[in-house]
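# Coordinate analysis (summary)
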Amino acid sequence: YKGTEVEEIDAAAGIVTSLKAAGRTAPRGVMWEARAISETSDSERCAPLLEAVLEHLDAQQEGMARIVEEDHRHIFNRLRGEESHSADNPLGTSGNLLSEILDEYLDCKPAKKDERVMKLAKRQDAHLLLFYGELFAMHLACKRQEVLHEFLQRLVPIKSPKHEWYHHDFGHEGQVPRLATFRGKAALWHRSTQQEFFRVALDTTEEIVLEVLPQLAFVDTTPTILEILAAYPREQSSRPTLSRSASSAWDMVTHTGDLMEEIERRYAEIPAPLPTDVIQSRQVDVLLCSVGRMDHTDRAMQALSKYASEIKMAKNAMVRTVPGLSTHHLRRVLAEIVGDKATSIPTRIAMLRLVLDLQVRNPLEIFDKAWKDGKCHRDVAVAILTKLALVEAVDVDKTRAKQMYLDILDRSQEDQQYISSTILKDISGSPWVLDFLAEVVCQYAYVPAVVGDAYSALVNVRTGVSPTDFAKAATRLLKDGRVLKDSSMHGDRNLAGEWSKVCPDAMSSTLKRIGIEDCDHGILWDFVQECFHHTSFAKNYSNSMPLWAFLIRGADDVDKVTWAAEFIRIQESTPANAYVEMAKAAVRRVSHYGERVAAAKQAVALAFEEVGEDTDHGKKVILECWAALVSSQGSKADMEALLAVKRVKESLTADVAKIFYSGRHRWEALQWFSDTETCVAPPHSGLQHLVDLCVSAAKDDTHRKSLKPGETPSFDKALVVLKRHTASSQCARFVEQLPTAA
């Protein structure tokens, strides 16, 4: 028929409609021609034509045809309408006419599309239209869920004894066509709709099924997921095959009988399809990737934790999933995983590590779940106790936590060594959060072959331990170490070698670093005494004396000075310089604390008495100790006592004057220096030094603020000091060196 476009469309619709009314099926070529007309014409104008064609197409028969056409070329050609059309007439590229007609019919405005979908839903075979085209199934999934639910109820599950044409493999669409269309939308469906969808479509191990399976938030798919993972690895039980004997090698067969009868006969020869049940690495990876994105985290963790040790992908999915949870949810999920008997050891340890990585507060509740009253695996015990020592907690039960550490000592010796040594290595050099850890470390030191790790952990502590607790633990180790490092006491050389590593020097340095001033005085006194007794004092006094000086905290600590001097006196082969070190340490201690001067004076006096005035050690005491003490904290009487010493008058005048120059009695010391023999008697060797000190003092005082009432100007003080030497050339240089302002 040739006419206008409108007339041509109306004529085509009339032809197809009249054939249906006459009880005849329209030839495939006619229906393909209608498809070609609608493709190039207005969709609204073509709607009656497409509706008429859809009336001729049976979804059940078209589905069987899709299965048969692959192996029977002559059926494929007849489905395309090639027997009644010339080569230049554009026809379909496959026999799936219903899909193309259906999508063309529904390619319209949303309101009109919904009207047409509901009209199609009244067909007897409407539920089978889910497997044709894209638009019908998509519209039901997004807009008409109640209709989709009804259609899903009418479908037969893939593992049912009764097989349907839509159970066969459709290539890229798999054994459940349209499943890809529902991906991403099934999670928004009603609970009952998800249940029907799960019943009908999600019973194979195809990749698209494994991807959609965890998305059903209202259906507990965990048992199915666990069943799949438990069966890994598994080969395909039996390959579904189609009969290809009818037209091998794609022979052209001439057939003029009824097409649908031929299709039904050929379809009946095809064996029942077998579901895909292969489970290999590819399937497991797809499933676990989707599980890791589940909205219902508890179910995901249940599925992942059980197989995390066997399947690496499961463990990785768990580690990626947990950090995204809220704080409350995170605590609950971690507690459930570590407390589940089915959770493997590596997975339980990985979850415990997350407690530290995510800084979960108050983790003792989580650790208790995995602890199992101390009967947990030793690697789990290590993870728990390490994290407990390093994770900050506010309301942690310290009594309970301490008991967990001590419970380790009730295990076998092998477990004691492994657990304690590993914990000590892990916490060494890290900030501790439990104040009793120093005591625990001390207890672990007595486990065979662990003292080295305990000592290292103790001396490398950064924060979290009070100086008093540290000193108490260190004192105990040093006290017992003095005995245990001596193999003659117990006959075990290995044990002696281990305890010989315990050194007081490193412990002293650590105590100073964490705050020795805050250490209890009695505990510190015990620690210092143990340090003095632990090693050869004659070789180590230079390190011991600065530590001893921290005992000087007030005027009442003079007895500590007496004890130190007596200790030096009773040692064998102790050099006299030990007294000098004692005096120096005491003087440095009181440089900023006046109330400790009495102890420092006692130390200097005892040192001066022991070494003697005329020795080189006496010179050190005078210059480095006595003069420095008097200069910073002493009175004029103290200064006069020092300046009256014979050795000072004879050979140390310039050195002492220089020390006093930085003190409170600067001008008095310079006046004394001016009257000494080094400045008065020829060759006046100290006069130039005196002039230089006076010039420097005058310049320093010039930069000060205004003089206090009754204070003599520094220039006048210098003139008084130099009055006795006005005839010297050095005195003339004094005037030259003064600044113009003076």
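Nothing here was measured: the structure is a model prediction, and the numbers come from that model. (Residues numbered from 1 in each chain as written. Predicted model: local features only at pLDDT ≥ 70, side-chain atom pairs only at ≥ 80, totals over all residues. Heavy atoms only, no water.)

Now for the packing of aromatic side chains. Centre distance and the angle of the planes are the two values used to describe a pair of aromatic rings. Counted under the stated rule, the structure contains 12 aromatic pairs. Each ring, one from Tyr405 and one from Phe436, has its centre 6.0 Å from the other, and the planes form 70 degrees; the classification is edge-to-face. You can see Tyr405 sitting in helix α22 (residues 398-407) and its partner Phe436 sitting in the loop between α23 (413-427) and α24 (437-444), a full 31 residues away along the chain. The class for Tyr405 is buried, based on a relative accessible area of 1%. Members of the aromatic cluster, connected to one another through ring pairs, are Phe131, Tyr132, Trp165 and Tyr166. Just above the ring of Tyr105 sits the side chain of Arg116; from NZ or CZ to the centre is 5.0 Å. The residue whose ring lies beneath Lys560 is Trp525, and the NZ or CZ to ring-centre distance is 5.2 Å. (Phe/Tyr/Trp six-rings, centres within 6.5 Å; stacked < 30°, edge-to-face > 60°. Helix = DSSP H or I, 4+ residues; strand = E, 2+ residues; numbered from the N terminus. Buried < 20%, exposed > 50% of the residue type's maximum accessible area, 1.4 Å probe, protein only. Lys NZ or Arg CZ within 6 Å of the ring centre and 35° of its normal.)

Attention shifts here to the packing of helix α39 (residues 666-674) against helix α42 (residues 714-722). The geometry of α39 relative to α42 is characterised by a closest axis approach of 9 Å and an angle of 20 degrees between their N-to-C directions. When the interaxial angle is binned, α39 and α42 end up roughly parallel. The hand of the α39/α42 crossing is right-handed. On the side of α39, the interface is formed by Trp667, Leu670, Gln671 and Ser674, while α42 contributes Ser714, Lys717, Ala718, Val720 and Val721. (Axes fitted to C-alpha atoms, helices over the stretch in contact; angles between N-to-C directions. Parallel < 35°, antiparallel > 145°, perpendicular 65-115°, else oblique. Left-handed = near helix turned anticlockwise from the far one by under 90°. Contact = heavy atoms within 4.5 Å.)

Moving on, we come to the confidence of the model for the protein chain. Predicted coordinates in regions of low pLDDT should not be interpreted in detail. Residues at a pLDDT of 70 or more form 75% of the protein chain, whose mean pLDDT is 77. Ranking the elements of the protein chain by mean pLDDT puts helix α37 (residues 646-650) last, at 58, and α23 first, at 92. In the model, residues 83-93 has pLDDT below 50 throughout and makes 18 contacts with residues more than four positions away in sequence or in other chains. (pLDDT = per-residue confidence, 0-100.)

With that settled, consider the packing of helix α26 (residues 467-484) against helix α29 (residues 504-514). Interhelical geometry of α26 versus α29 gives an angle of 175 degrees and a closest axis separation of 10 Å. Classed by the angle they form, the pair α26 and α29 counts as roughly antiparallel. Judged by residue contacts, Pro467, Phe470, Ala471, Ala474, Leu477 and Leu478 of α26 engage Pro504, Met507, Thr510, Leu511 and Ile514 from α29. Here the contact of α26 with α29 is built from residues that sort into 10 nonpolar, one polar and no charged. (Nonpolar A, V, L, I, M, F, W, Y, C, P; charged D, E, K, R; others polar.)

Here we take up the nonpolar core. Tyr405, Met507, Phe527, Trp548 and Met582 are the most contacted members of the largest nonpolar core, which totals 105 residues. No other element matches the nine residues that helix α21 (residues 378-390) contributes to this core. For Phe527, the contacting residues outside a window of four places in its chain are Ala471, Ala474, Thr475, Leu478, Met507, Ser508, Leu511 and Leu547. Of all hydrophobic cores here, the second largest spans 80 residues; its members include Phe136, Tyr166, Val200 and Val284. (Core = buried A, V, L, I, M, F, W, Y, C linked by side-chain atoms within 4.5 Å.)

Attention now moves to the environment of Gln688. Looking at the element boundaries, Gln688 is found in helix α41 (residues 687-702). For Gln688, a relative accessible area of 28% puts it in the partly exposed group. Through-space distance from the C-alpha of Gln688 to that of Gln730 is 6.0 Å; in sequence the pair is 42 residues apart.

Moving on: unusual backbone geometry. A cis amide bond links Tyr232 with the next residue in sequence, Pro233, at an omega value of -5 degrees. Following the sequence through the fold, Pro233 ends up in the loop between α13 (222-230) and α14 (259-269). The backbone phi angle of Asp373 is positive, close to 55 degrees, even though this residue is not glycine. Relative to the helices and strands, Asp373 resides in the loop between α20 (364-371) and α21. On the basis of relative accessibility, which here comes to 67%, the residue Asp373 falls in the exposed class. One non-glycine residue with positive phi stands out, namely Ala449, at about 70 degrees. By the element assignment, Ala449 lies in the loop between α24 and α25 (451-459).

Mapping Ser500 onto the fold places it in the loop between α28 (493-499) and α29. Taking the relative accessible area as the measure of exposure, Ser500 reaches 45% and is therefore partly exposed. On a C-alpha basis, the gap between Ser500 and Asp486 in space is 8.3 Å, while along the polypeptide they are 14 residues apart. Engagement of the side chain of Ser500 in a polar contact is seen with the backbone oxygen of Gly497, the distance being 2.6 Å. (Polar contact = N/O pair within 3.5 Å; in protein donor to acceptor, adjacent residues only side chain to side chain.)

The subject of this paragraph is α24. For α24, the tally of buried residues reaches six of eight residues, placing the bulk of the element in the interior. Inspection of α24 places Leu437, Ala438, Val440, Val441, Cys442 and Tyr444 among the buried residues, and these make up the whole buried set. Looking at the buried residues of α24, the elements they touch are α21, α22, α23, α25 and α26.

Taken as a whole and judged by the stated rule, the model has 24 salt bridges. Lys112 serves as the salt-bridge partner of Glu115, at 3.8 Å between the closest nitrogen and oxygen. Placement of both Glu115 and Lys112 in helix α7 (residues 110-120) is noted, with a separation of three residues, approximately one turn of the helix. One salt bridge in this structure joins Arg569 and Glu566, with 2.4 Å as the shortest N-O distance. You can see Arg569 and its partner Glu566 sitting in helix α32 (residues 558-570), three residues apart, about one turn around the helix. A relative accessible area of 39% means that Arg569 is categorised as partly exposed. Overall, Glu566 belongs to the partly exposed group, its relative accessible area being 39%. Three or more residues joined by partner-sharing salt bridges are found here, namely Glu262, Arg265, Arg266 and Glu269. (Salt bridge = Lys/Arg side-chain N within 4 Å of Asp/Glu carboxyl O.)

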